[in-house]
Amino acid sequence: MIGRIMRTEVRRSAVPGIVLLLVIVGAALMLTVTGGYAGRWTQLAVYARSTLMMLMPLALAGGAWLGRRDRRHRVDELFGTTVRPRWQRSVPLAAGYAVALATVYLLTFLLGIPWVAPTAGYFPVATIPITAVGVLALVAAGWLGMAAGRAVPRVATAPILAVVAFAVLTFVPDYVSMSGYDENFTKVRPDPAALLLAPAISSLNDFKTIPSSVSLLQALWLAALAATGLLLLGAAGRRTVALAALPAVVGAAVAVPLLPTGGYSGSAVLDPAAVELVCDDDGPQVCVTRAHAALLPKVVGPARKTLALIDAKLPGAAPTRVEESRQLLDNTVRSDANHVRDDGTLVFDALSVGWTGFADVSPDELSAALLDAAWWRECGTEHTTYLARAVAVAWLTGGQPDLGRGSAPEEQQKVDAALRELRNLPSDEQRKRVQAARAAALGCEIDRFHSLLFLAQP
């Protein structure tokens, strides 16, 4: 009986049109940047949460449009004279709208599964609470919108709410975060814990996740906010309106002191399973992280080819295994700064994942990156070795040095001249000099590294 009433209320309202709009927007947001989450369940859940920046304002505006239904049909005064309380008339449509919004969010998440399931290395349990928070956020926005539409039944209410909500979700967190930097762009104050009350996540490191404790506190806050919206929808007097606001106030008062500071980047923690190594042992060992397990078949060939090339040119001095770094750009997960470790491991930077869930680089590009990494070690100095590395890599491959598009012409000329002088030496002398240069590079003898490859050049 209750289900039939709810379906009737939904069918006779604007809910189908609102749902259609939300599905179209959600699908467009998910399908335009599949490379942001392909092959990774956590990234799919996080990216689905990022769509809340658009979906929540629309759900809020849709709720406001539904909330003014009685005024639009000029029956609000008539219903106000009946004995039946307002909340009884409101609950069926509110429940139907909540089910519709939850379905929209889950459909948004499900749209990304074809780009994740075939290539994902594992399914992190944290994906479930991250997704559940997104469902609650959309329901809370819908019910608050219905309450606002009932309280202010104007045509302008819905678009104004949409604009304000979009501004709050998009610009306020950035403004608060940027206020923590000084004039030298140094972070001097962590982002307040209250920023985590906003459910939209912009991005997250492949090797990190949102702790379930944070998701639980967010769920508590959003459930309290949804309860406030539902109570406001049925409130008939000032006292009941004041009481209706109580769940949201209590929810925020409980959640904020328990939430960590630093925003989403500060609250994210290492996912141990994501950084576990998955290895191919049919030859020199080649390993990638479990988060990027789908990339292993693409890495094995270029990695072993690189090891064989180095061993052929520098026998006895080549690395014996290859491993993917467990750090991403400046968002460090573990210190893997040295591309060549003392155990004979060649460490390459974590690969970017394309829209198919596989590596976004070609085998030749990967081989070039591995050859360059064979000469690279973090020495804690301001010296740069990219010119010397370019000479060494060109000598190994027998090709010409490539400094990339951003290099200056004089740098390219200097590298070309150094390579010519090196190749003019007897073969044994070339090998000894390059081998000594590699030892110097890995020993952080930067000046000697340069002098061995650039010969008489300054």
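Calculation notes
Residues numbered from 1 in each chain as written. Predicted model: local features only at pLDDT ≥ 70, side-chain atom pairs only at ≥ 80, totals over all residues. Heavy atoms only, no water. Axes fitted to C-alpha atoms, helices over the stretch in contact; angles between N-to-C directions. Helix = DSSP H or I, 4+ residues; strand = E, 2+ residues; numbered from the N terminus. Parallel < 35°, antiparallel > 145°, perpendicular 65-115°, else oblique. Left-handed = near helix turned anticlockwise from the far one by under 90°. Contact = heavy atoms within 4.5 Å. Nonpolar A, V, L, I, M, F, W, Y, C, P; charged D, E, K, R; others polar. Buried < 20%, exposed > 50% of the residue type's maximum accessible area, 1.4 Å probe, protein only. Pairing = 2+ DSSP bridges. Right-handed = clockwise from strand over helix to strand, strands pointing away. pLDDT = per-residue confidence, 0-100. Core = buried A, V, L, I, M, F, W, Y, C linked by side-chain atoms within 4.5 Å. Disulfide = S-S within 2.5 Å. Phe/Tyr/Trp six-rings, centres within 6.5 Å; stacked < 30°, edge-to-face > 60°. Lys NZ or Arg CZ within 6 Å of the ring centre and 35° of its normal. Polar contact = N/O pair within 3.5 Å; in protein donor to acceptor, adjacent residues only side chain to side chain.

Caption draft 1: Main features of the packing of helix H16 (residues 386-397) against helix H17 (residues 409-423). For the pair H16 and H17, the least separation of the axes is 10 Å and the interaxial angle reads 45 degrees. By the criterion of interaxial angle, the relationship of H16 to H17 is oblique. Viewed along their axes, H16 and H17 form a crossing whose handedness is right-handed. Residues Tyr-386, Leu-387, Ala-390, Val-391, Ala-394 and Trp-395 of H16 form the contact with H17, whose participating residues are Glu-411, Val-415, Ala-418, Leu-419, Leu-422 and Arg-423. Each residue belonging to the contact of H16 with H17 can be placed in one class, and the counts come to 10 nonpolar, no polar and 2 charged.

Caption draft 2: Molecular detail of the pairing of strand S4 (residues 286-289). Because side chains alternate across S4, one face comprises the buried residues Val-286 and Val-288, and the other comprises Cys-287 and Thr-289, equally buried. Alignment of strand S3 (residues 277-280) against S4, held across 4 bridges, turns out to be antiparallel. Within S4, the residue paired with Cys-279 across the bridge is Cys-287. Hairpin connection between S3 and S4: a loop of 5 residues separates the two successive antiparallel strands, and Gly-283 in this loop has a positive phi of roughly 130 degrees. Bridge analysis of S4 against strand S5 (residues 321-324) gives 2 bridges, and the strand direction is parallel. Bridged to Val-286 within S5 is Val-322. Crossover handedness for the path S4 to helix H14 (residues 296-313) to S5: left-handed.

Caption draft 3: How the structure looks around the confidence of the model for the protein. Taken residue by residue, the protein gives an average pLDDT of 83. The fraction at 70 or more is 85%. Confidence over residues 329-335 falls short of pLDDT 50; this stretch has 15 contacts with residues more than four positions distant or in other chains.

Caption draft 4: Geometry of unusual backbone geometry. Not every positive phi belongs to a glycine, and Cys-444 is a case in point at roughly 65 degrees. Looking at where Cys-444 falls in the secondary structure, it is placed in the loop between helix H18 (427-442) and helix H19 (446-454). Note on Cys-444: relative accessible area 33%, which makes it partly exposed.

Caption draft 5: Molecular detail of the nonpolar core. In terms of nonpolar packing, the biggest core is built from 63 residues, with Tyr-97, Leu-138, Met-146 and Leu-259 touching the most fellow members. For this core, the elements supplying multiple residues, two or more each, are helix H2 (15-32), helix H3 (41-50), helix H4 (52-67), helix H7 (86-110), helix H8 (127-151), helix H10 (212-234) and helix H12 (246-258). When residues in this core are grouped by element, the largest group, 11 residues, is from H8. Discounting chain neighbours no more than four positions away, the residues touching Leu-138 are Leu-52, Leu-55, Met-56, Ala-59, Leu-101, Val-104 and Tyr-105. Membership of the second largest hydrophobic core comes to 45 residues, among which are Val-300, Ala-318, Ala-373 and Ala-374.

Caption draft 6: Summary view of the state of the cysteines. In this structure the tally under the stated criterion is 1 disulfide. Each sulfur of the disulfide joining Cys-279 and Cys-287 lies 2.0 Å from the other. Measuring handedness by torsion sign, the sulfur bridge of Cys-279 and Cys-287 sits at about 105 degrees and is right-handed.

Caption draft 7: Here's a closer look at the packing of aromatic side chains. Taken as a whole and judged by the stated rule, the model has 4 aromatic pairs. Taken together, a centroid distance of 6.3 Å and an interplanar angle of 90 degrees make the contact between Phe-166 and Phe-171 edge-to-face. For Phe-166, a relative accessible area of 31% corresponds to the partly exposed category. Aromatic side chains Trp-375 and Phe-449 sit 6.4 Å apart centroid to centroid with 15 degrees between the ring planes, which places their arrangement in the stacked category. On the criterion of sequence distance, the pair formed by Trp-375 in the loop between helix H15 (363-373) and H16 and Phe-449 in helix H19 is long-range, its members being 74 residues apart. The two residues Trp-375 and Phe-449 agree in class, both being buried. If you follow Lys-313 out to its NZ or CZ, it ends over the ring of Trp-395, 4.8 Å from the centre. It is Lys-414 that lies over the ring of Phe-454; its NZ or CZ is 5.2 Å from the centre.

Caption draft 8: A look at the side chain of Asp-191. Assignment of secondary structure puts Asp-191 in the loop between helix H9 (157-178) and strand S1 (208-209). A distance of 3.2 Å separates a polar atom in the side chain of Asp-191 from a polar atom in the side chain of Ser-177. When sequence neighbours within four positions are dropped, the list of residues in contact with Asp-191 reads Val-176, Ser-177, Thr-261, Gly-262 and Gly-263.

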